[in-house]
Amino acid sequence: MSMQQQIESKLADGLACKHLNVVNESHMHSRGEDSHFKVIVVSEEFSGKRLLQRHRQINEILKDELANHIHALAIHTFTPEEFSEQSGQVADSPSCLGGSKLD
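Remember, predicted model here, so these are calculated numbers, not experimental data.

**Some remarks on the nonpolar core**
Thought 1: In this structure, Ile7, Leu11, Val39, Val41 and Ile58 are the most contacted members of the largest nonpolar core, which totals 14 residues.
Thought 2: With 5 residues, the next largest nonpolar core counts Val42, Phe78, Phe83 and Val90 among its residues.

**Things to note about the pattern of salt bridges**
Thought 1: Counted by the stated rule, this structure contains 4 salt bridges.
Thought 2: Notably, a salt bridge pairs Glu25 with Lys38, separated by 3.7 Å at the nearest N-O pair. Note that Glu25 is positioned in the loop between strand S1 (17–24) and strand S2 (36–43) and Lys38 in strand S2, a separation of 13 residues in sequence. The same class applies to Glu25 and to Lys38, which are both buried.

**Topic: the pairing of S2**
Thought 1: Taking burial as the measure, the 8 residues of S2 include 8 buried ones, the bulk of the element.
Thought 2: Burial along S2 is two-sided: the residues His36, Lys38, Ile40 and Val42 and Phe37, Val39, Val41 and Ser43 are all buried.
Thought 3: Pairing between S1 and S2: 7 bridges, direction antiparallel. The residue bridging Asn21 from the neighbouring strand is Ile40, located in S2.
Thought 4: Note that S2 and strand S3 (residues 72–78) share 7 bridges and pair parallel. Counted as the bridge partner of Val39 is Ile75 from S3.

**Thoughts on the sheet that holds S3**
Thought 1: With respect to topology, 3 strands assemble into an open sheet ordered S1-S2-S3, the strand pairing being mixed. Every interior strand has two partners, whereas the edge strands, S1 and S3, have only one. Put simply, the sheet's adjacent strands are angled 10 degrees from each other on average, direction ignored.
Thought 2: With respect to the sheet, helix H1 (residues 3–14) is in contact with S1 and S2, its orientation differing from that of S1 by roughly 160 degrees.
Thought 3: Contacting S2 and S3, helix H2 (residues 51–61) crosses the sheet at an angle of about 125 degrees to S3.

Conventions we followed
Residues numbered from 1 in each chain as written. Predicted model: local features only at pLDDT ≥ 70, side-chain atom pairs only at ≥ 80, totals over all residues. Heavy atoms only, no water. Core = buried A, V, L, I, M, F, W, Y, C linked by side-chain atoms within 4.5 Å. Buried < 20%, exposed > 50% of the residue type's maximum accessible area, 1.4 Å probe, protein only. Salt bridge = Lys/Arg side-chain N within 4 Å of Asp/Glu carboxyl O. Helix = DSSP H or I, 4+ residues; strand = E, 2+ residues; numbered from the N terminus. Pairing = 2+ DSSP bridges. Axes fitted to C-alpha atoms, helices over the stretch in contact; angles between N-to-C directions. Contact = heavy atoms within 4.5 Å.

Here you go:
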C-alpha cells in the first residue's frame, strides 16, 4: 500500500468524511520520496471545532505516519457548509524552499 493510500485509509476509517482528497505533493520537493502530502477533509465531525482542534484530530489519526514517514502535511479541514462556501476550492501549496532551493 502506498503512503497516499495509507493516509486515505486511515482518515476514512478515523472520520466520517463527506469528502476526502489526499494529494501527493512530493514531486514539488527535492527529497525524492513520498513524504509531502496535502489532505482535504470535509466532515460533520468538525462542526463547532476550532481549526487547531481539527488539525489535532488529523494529526492524532496520522501520528505514526507523521513520526516516521511524512515530512510535510498540509491540512485543510471543513464542515460541509464551509466547503460549499469555498466552492470546493482550497489554496495551492507554496513552492518548496527547502534544501538547496534556498540559495
